[in-house]
Each structure stands twice: as structure tokens, then as C-alpha cells.
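If you want the building blocks of each chain, they are given just below.
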Amino acid sequence: MLTLVFAVFAALMAGSLACGYSMLWALAAGFAGFMGVGLRRGFALPSLLRMAWRGVRESLIVVRVMLTIGVLTGLWRAAGTFALLTAWGLRLLSPSTFILSAFLLSCTLSYALGSSFATAGTLGVALMTVARSGGVNELAAAGAILSGIYFGDRASPASSCANLVAALTSMDLYDNVKLMMRTAFLPLLLALGLHAWLSFKNPMLGGEGAVLTSLNLDFHLSPWCALPALVMLVLPLFKVKVLHSFGVSILCAFLCAVLLQRTGTAGALRFALMGFHAPEGSVRAIFNGGGLVSMLEISAALMISGTFAGIFDGTGILKGLQSRLVRAMDALGAYPVTLTLGTLANAVFCNQTVAVMMTVHVVRHPYGERGLPPAELAQDLANSAVITAGMVPWCIGCSVPLTMMGAGAGAVPYAAYVYLLPLCYLLTRRRWFKG
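Everything numeric here is computed off the predicted structure, so don't read it as measured data.

**Description of the layout of surface pockets**
Move 1: In this structure, the largest pocket encloses a volume near 1,000 Å³.
Move 2: Taken together, 39 residues form the lining of the largest pocket, with Phe-117, Ser-294, Met-295, Ile-298 and Ile-396 sitting closest to its centre.
Move 3: Sorting the residues of the lining of the largest pocket by element identifies helix 1 (2-19), helix 3 (45-79), helix 6 (116-133), helix 7 (138-155), helix 8 (160-168), helix 15 (296-315), helix 18 (352-369) and helix 20 (396-405) as the ones contributing at least two each.
Move 4: The greatest single-element share of the lining of the largest pocket, amounting to 5 residues, is contributed by helix 6.
Move 5: Considered class by class, the residues forming the lining of the largest pocket number 19 nonpolar, 17 polar and 3 charged.
Move 6: Within this model, the second largest pocket holds a volume of roughly 650 Å³.
Move 7: Together, 28 residues line the second largest pocket, and Ile-61, Val-62, Asn-163, Ala-166 and Ala-167 are the ones closest to its centre.
Move 8: Considering each element in turn, the lining of the second largest pocket owes the most residues, 7 residues, to helix 3.
Move 9: Residue classes in the lining of the second largest pocket are distributed as 15 nonpolar, 7 polar and 6 charged.

**Brief notes about helix 9 (residues 173-183)**
Move 1: Where helix 9 is concerned, the buried positions are Leu-173, Tyr-174, Asn-176, Val-177, Leu-179, Met-180 and Thr-183.
Move 2: For helix 9, the side-chain oxygen to backbone nitrogen distance between the N-cap and Tyr-174 is 3.1 Å, and the N-cap itself is Asp-172.

**Remarks on the packing of helix 7 against helix 20**
Move 1: Relative to each other, helix 7 and helix 20 sit at 130°, their axes nearing to 11 Å. Of the possible angle classes, the one that applies to helix 7 and helix 20 is oblique. Considering only the axes of helix 7 and helix 20, their crossing is right-handed. Contacts from Ala-142, Ile-145, Leu-146, Ile-149 and Tyr-150 of helix 7 reach helix 20 at Gly-397, Cys-398, Pro-401, Leu-402 and Met-405.
Move 2: Across the contact of helix 7 with helix 20, the residue classes tally to 9 nonpolar, 1 polar and no charged.

**Points about helix 10 (residues 185-201)**
Move 1: Helix length check: helix 10 (17 residues) gives 25 Å between terminal C-alpha atoms against 24 Å at 1.5 Å per residue, within 8%.
Move 2: Among all positions of helix 10, only Pro-187, Ala-191, His-195, Leu-198 and Ser-199 are buried. The arc that holds every buried residue of helix 10, seen down its axis, measures 110°, which confines them to one face. Seen from the buried face of helix 10, the exposed residues on the opposite side, beyond 90 degrees, are Phe-185, Trp-197 and Phe-200.
Move 3: Where helix 10 is buried, its residues contact helix 5 (98-113), helix 7, helix 9 and helix 21 (416-432).

**Some details on the pattern of salt bridges**
Move 1: Using the criterion set out here, one finds 3 salt bridges in the structure.
Move 2: The shortest N-O distance in the salt bridge between Arg-370 and Asp-330 comes to 3.0 Å. Of this pair, Arg-370 sits in the loop between helix 18 and helix 19 (374-386) while Asp-330 is found in helix 16 (residues 319-332), placing the two residues 40 residues apart along the sequence.
Move 3: Here Asp-380 makes a salt bridge to Arg-429, at a shortest N to O gap of 2.8 Å. One end of the pair, Asp-380, is in helix 19; the other, Arg-429, is in helix 21, and 49 residues separate them in sequence. Residues Asp-380 and Arg-429 agree in their burial class; the two are buried.
Move 4: Among the ionic contacts, a cluster of salt bridges with common partners joins Glu-376, Asp-380 and Arg-429.

**A look at the packing of helix 2 (residues 23-40) against helix 15**
Geometrically, a packed helix pair is captured by the angle between its two axes and the distance between the axes.
Move 1: Packing of helix 2 against helix 15 leaves a shortest axis separation of 10 Å and a crossing angle of 15°. By the angle between their directions, the pair helix 2 and helix 15 is classed as roughly parallel. Crossing of helix 2 against helix 15: the hand is left-handed. Along its contact with helix 2, which presents Met-23, Leu-24, Leu-27, Ala-28, Gly-30, Phe-31, Phe-34 and Met-35, the element helix 15 presents Glu-297, Ala-300, Ala-301, Ile-304, Ser-305, Thr-307, Phe-308, Ile-311 and Phe-312.
Move 2: Its residues assigned to classes, the contact of helix 2 with helix 15 shows 13 nonpolar, 3 polar and 1 charged.

**Some details on the packing of aromatic side chains**
Move 1: Following the criterion strictly, the structure yields 9 aromatic pairs and no others.
Move 2: Centre to centre, the rings of Phe-34 and Phe-308 are 5.0 Å apart; their planes meet at 70°, and the pair counts as edge-to-face. Within this pair, whereas Phe-34 is found in helix 2, its partner Phe-308 is found in helix 15, the two being separated by 274 residues in sequence. Each member of the pair, Phe-34 as well as Phe-308, is classed as buried.
Move 3: Where Tyr-111 meets Phe-151, the ring centres are 6.4 Å apart and the plane angle is 45°; that geometry is what we call tilted.

**Here we look at the side chain of Asn-346**
Move 1: Mapping Asn-346 onto the fold places it in helix 17 (residues 334-349).
Move 2: Look at Asn-346 and you get buried, because its relative accessible area is 0%.
Move 3: Aside from chain neighbours lying at most four places away, what touches Asn-346 is Asn-351, Gln-352, Ala-355, Ser-384, Ala-385, Thr-388, Ala-389, Val-392 and Cys-395.

Quick notes on the rules
Residues numbered from 1 in each chain as written. Predicted model: local features only at pLDDT ≥ 70, side-chain atom pairs only at ≥ 80, totals over all residues. Heavy atoms only, no water. 1 Å grid on protein atoms, 1.4 Å probe; cavity = no way out; pocket = protein on both sides within 12 Å on 5 of 7 lines; lining within 4 Å. Points joined across faces, edges and corners; volume = space filled by probe spheres on them. Helix = DSSP H or I, 4+ residues; strand = E, 2+ residues; numbered from the N terminus. Nonpolar A, V, L, I, M, F, W, Y, C, P; charged D, E, K, R; others polar. Buried < 20%, exposed > 50% of the residue type's maximum accessible area, 1.4 Å probe, protein only. Polar contact = N/O pair within 3.5 Å; in protein donor to acceptor, adjacent residues only side chain to side chain. Axes fitted to C-alpha atoms, helices over the stretch in contact; angles between N-to-C directions. Parallel < 35°, antiparallel > 145°, perpendicular 65-115°, else oblique. Left-handed = near helix turned anticlockwise from the far one by under 90°. Contact = heavy atoms within 4.5 Å. Expected span 1.5 Å × (residues − 1). Arc of directions from axis to C-beta. Salt bridge = Lys/Arg side-chain N within 4 Å of Asp/Glu carboxyl O. Phe/Tyr/Trp six-rings, centres within 6.5 Å; stacked < 30°, edge-to-face > 60°.

This is the structure we're talking about:
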């Protein structure tokens, strides 16, 4: 019955994506199905509900971070932070190294913002506009941007994925980020080399001026607008707790929105809660989004998925699968098995967040059985379920950024970092972990 429930759950997730329905319906059906499995195995309904509630309580730590990130991104958009960083990035472009520059700028901005979607929807849109006007290979340019946005999506302290992985594995966020940056060094160098070669083969003719002019007209691009992002870069160096860093950045962005962009206090509060919204046709509209409401669905998804963890742990219904995984890990190694599961989870569930949670629910016990430390589990997740979302064209972690940039799935093969990271980690993993 458990196999049937997983199959139906996966089909519902895929159907929800294809039909444009909320994934919450599929997750709710999964909850009902796993509850049914528990009842069939002899567990009482009150006992199962208590297990589910324990899982929800554990997920609330992550939910708090997600909601804070929603407020943060709404205010960064209203404060002109996204616009300023995008404008600075465009000024740094070199026509002879456009694709390489696009990769580096996407890496930098995604690390500052902690969001692949935000980077693709702002800098990515601007870069693709310049690429088209400058005669650059669009697929190579979009692939470089996709490659870069996953650098920050995986390893930024402001990233919802990095926070999710740290919370699910009981790791300190900053310790985890440091290790992720070290394991990213080799694939980053190789990706730089590949994108430099593609730049040489596809030089830009020019064309960023119109975008810069429009940004300057629509926003007051004072250097102070960079303060919210600067706070998120600097405070972690002094071991400031992540939520405290978020709080200071939110305050700075709120003041920038009110004092520099003249939104008014009520307007800034509205952007924090409901997200930034500018009229269609305005350059400001490319920065639309964010706000606390943007994180409500993912927060609900986290809580429902938390019930899965509670039910799995309380009933032990995954023990058979987990025993087979232990044997597979003994034969092949822990990371190859986790990489396979994480990639399949992204392909089946089409959602990076769900893929991460489902993967960790399945492999957590096998890692414990083999005596592997939380740091190893965290790195293996970051280098499997998190990063492979960018190489599955129908997963929203890949399809949404490409849609924002107006590019097709043909750009995926050019996203070098997304492929090189798991490959390099597979070959060098023994350097970081003895197991």
C-alpha cells in the first residue's frame, strides 16, 4: 500500500504542476494517504495525529525563516536594492566577456539575495534583454545565468534552501555555508573556464544603455539602496544569528523604501506583507513579487510535509526502504544514492522544496545507521536535491527562471555549474568526509 500511496502522490504532484493547481492539494492527499497507511498498520488515529503534530512543530522553525525571507524580499524590491544591484551589474558588463560576466553577476546577486527566482526575475531579465539586443547566443546566455543563480540559491545565508537544509539536518547555518563554499570552489573554477570560452565564441555587440536609463528613471538609485544587501553580507561574518541579520536588513530596506523611494510608511508596510507591485509596462514591474504572502504556500507546504516526517518516524513505515538504502550505501556510497534519490525526487515531484524534504525523510535514518555526521548529510543534500532542481527542465526550480528570462529548455545544457558541482563533489567527497 505504501508504494501505491507514493505513486499516487507523485502523480498528483505532477498533475498539479501541469494543470496549474496549487501543490497543497497534492500534499494534503499525500497526508491522507500516509495516515491511511498508518491506520492499516494498526496505529490509532489519535496516535497518528500526535505524530503528525510533532512533525509540524519541528517544521515551524523553518516556516519562521521562510516568512521572514518573504518580508525581506518584498522590501528589497521596494527599496530599490534589486534595481541598484542590477544597474551596477550591467555597468560592469564587458562586451567581449558577456556570458562570463552574466555568470559572475548572477553568482554575486544570487548570493546577496539568496534567491534563484529573484535573481532570474530581475538581473536575469535585464541580462537577457541586453543579450538579445547585442546578438549573443540566447541559450548560452540563459544557461550562464541559470548556472549562476544556483550558486547563491544553494549557499547564501539568505537562501530558503540553505536554511531548510540546515534546519532539517540540525546544522548551524553558517558552518554549513562555509563548507558549501569550500566544496563549490573547484566546480566554480571549471564553470568560469567554460563560460569564458563561450564568451569568446559569442561576443556582444552592445545594448545595455536603454535598460540602465529606464532603471535610473524609475528608481532613485542612491548607493544607500545597497545597504540592506550589504548587511546580509557583513553581519554573518561576525556570527550574527541569521534571523537577527534578516531583521536589521528589513529595517534598512524599510527606511530606504520610505526615505529614498518615497513609498510612505503605509506603502512600505504593504510591500512587506503583500509584495512589491508596479504597473505593467513599467521597468519597475520586472521587480514585482516578494512579501510575506509569497511565502504562505511554501510555508503551508513545509508544515504538511512536516506531518510526513512525523508519521514516517512514529510508525516506522519507511524502515524496509531505509534498510535497502543502507545496503545500497554500503555498496555504492552514501552520496551516489542520495544524488540519485534527490534527482528522482525533483523529476517526480517537480518542486525543489518538496524534493529536499522527501529526500531527507528517506535518507536521514540510513545516514544515522552508518554513523555519518549531520554535516555530511547536509552537504550531500545541498549537492543533490538542491542543485539538481536546476537540471530537470520540468521542475519549477528550472522552468520558472527560464520562463522569466524568456528562454527554453535548450539553455539547460549550458548551465555548467549545475552539472559540475555534483560531479566534482562525487570525485572529491573523500577529501571532506572520511565515511
